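For reference, the chains in residue letters:
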Amino acid sequence: MASTYPTEIPVLDQALSVRFYGAKPKAGHVPLVVHFHGGAFVQGGLDSGSTVARLIAEAGAVVVSLDYPLAPAHPFPQAADQGYAALQWAFKHRGKLAGDKAPVFVAGEEAGGNLAAALTLMVRDQRQPPLAGQILLSPMLNPCLGTASLRAADAGVKGCRWADGWKHYLSQVGDCSHPYAAPGPSMRLGELPPTLLLTAGDDPFKDESLDYARRLRAAGVKVKDAVLPAPTGWPCSCMSPASHEAPWAESVRRHVQQFFASSNASASVPKGIPS
């Protein structure tokens, strides 16, 4: 972690706590990644997000991990709105953070994957800022919780941490149909940036992850997806700092590094935005 980076950034007239990983190169640039931790929308923080953030940084990026507001005190769309403001801040300051013309990505695991996916939709609709790609690990994308992989994990509605998380996050009637709240069922997935989507054989969100990858491809989005071999303990193990040395960690580093290389470090610029 680079100590010269700020520990807070201004978003929507508030100070948002952040943690940086990686370092700006002396010459040139590296990808800048805005990262969202997991925790079913109601838990987690900078410490629990450290494993994925570190792995992405070790793949060759500067990562800014966000301590975004949690439900139920801060339901949808507060985390998404603050995340979008933080993304705008990161893009504006990318030269100082990761080098001139650094491409900007979003990333997240579990509920953080939901927020990262939501931000790509917001960027497309708002036409700014340019995004080079999104990195989703075991993302929570659909509040229906009806897939076979979730049933196999005994993650039914009753007593399910993810069902409870969705309930607290989507506090208003109709939120579950909003694409920024539940990107999985969204009917408009075109014009999104390249996507890396990682899941695992024992991941409860495997089915909805692979379905999202399929639907993105059908919409013309460049997608790289992979199913890591079980056992991984995903997504919960993604939020354990000790998992930085887990058997699956090197695979994540490698996939992210390859994704950065395949993107050619060039941002996908929405129509109407100058490069």
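Everything here concerns the structure above.
Okay, so let's go over this structure. Residue numbering note: each chain is counted from 1, following its sequence as written. It should be noted that, the model being predicted, local features are given only for residues of pLDDT at least 70 and side-chain atom pairs only at 80 or more, the latter also being counted only at that level, while totals for whole chains, interfaces and linings use all residues. Processing note: side-chain calculations cover all non-hydrogen atoms of the structure and skip hydrogens and water entirely.

Brief notes about the side chain of Ser149
Quick reminder of the rule: To qualify as a helix, a DSSP run of H or I must reach at least 4 residues; to qualify as a strand, a run of E must reach at least 2; elements of each kind are numbered from the N terminus. Relative accessibility decides the category of a residue: with a 1.4 Å probe and only protein chains considered, values under 20% of the type maximum give buried, values over 50% give exposed, and everything between is partly exposed. Under this definition, polar contacts are N or O atom pairs within 3.5 Å; protein pairs additionally need one hydrogen-donor-capable and one acceptor-capable atom, and for neighbouring residues in sequence, both atoms have to be side-chain atoms. Pairs of residues are marked as contacts when any of their non-hydrogen atoms sit within 4.5 Å.
With respect to the helices and strands, the residue Ser149 is situated in helix 5 (residues 148–152). Overall, the relative accessible area of 10% leaves Ser149 in the buried class. Here the side chain of Ser149 touches Thr147 through a polar contact of 3.3 Å, side chain to side chain. Those residues in contact with Ser149, other than ones at most four positions away along the chain, are Asp203, Pro204, Phe205, Lys206 and Asp207.

Here we look at the packing of helix 2 (residues 78–92) against helix 4 (residues 111–126)
We count it as follows: Between the N-to-C directions of two axes lies an angle of 0 to 180 degrees, each axis being a line fitted to C-alpha atoms and, for a helix, fitted only over the stretch in contact. Crossing handedness follows the turn of the near helix against the far one: under a right angle anticlockwise gives a left-handed crossing, and clockwise gives a right-handed one.
The contact between helix 2 and helix 4 brings their axes to 10 Å, and the two run at 65°. Two packed elements cross with a definite hand, and for helix 2 against helix 4 that hand is right-handed. Across the interface between the two elements, Ala79, Ala80, Asp81, Gly83, Tyr84 and Leu87 of helix 2 pack against Leu115, Leu119, Met122, Val123 and Gln126 of helix 4.

Examining the pairing of strand 5 (residues 104–109)
Taken residue by residue, a regular strand's side chains alternate between the two faces of the sheet. To keep it simple, the criterion reads: At least two DSSP bridges between two strands are needed for those strands to be called paired. Assignment of crossover handedness uses the view with strands pointing away from the viewer, where a clockwise path from the first strand over the helix to the second indicates a right-handed crossover.
In terms of burial, strand 5 is largely enclosed, as six of its six residues are buried. Where burial is concerned, the two faces of strand 5 agree: the one with Val104, Val106 and Gly108 and the one with Phe105, Ala107 and Glu109 are both buried. Pairing of strand 3 (residues 32–36) with strand 5, which is carried by five bridges, proceeds in the parallel orientation. Within strand 5, the position partnered with Leu32 by the bridge is Val104. Looking at chain direction, strand 5 and strand 6 (residues 133–137) are connected through five bridges and run parallel. Its bridge partner lying in strand 6, Val106 is registered against Gln134. Remark: the strand 5/helix 4/strand 6 crossover connection has right-handed handedness.

Note that every value here comes from positions in space, so none of it alone points to a role or purpose.
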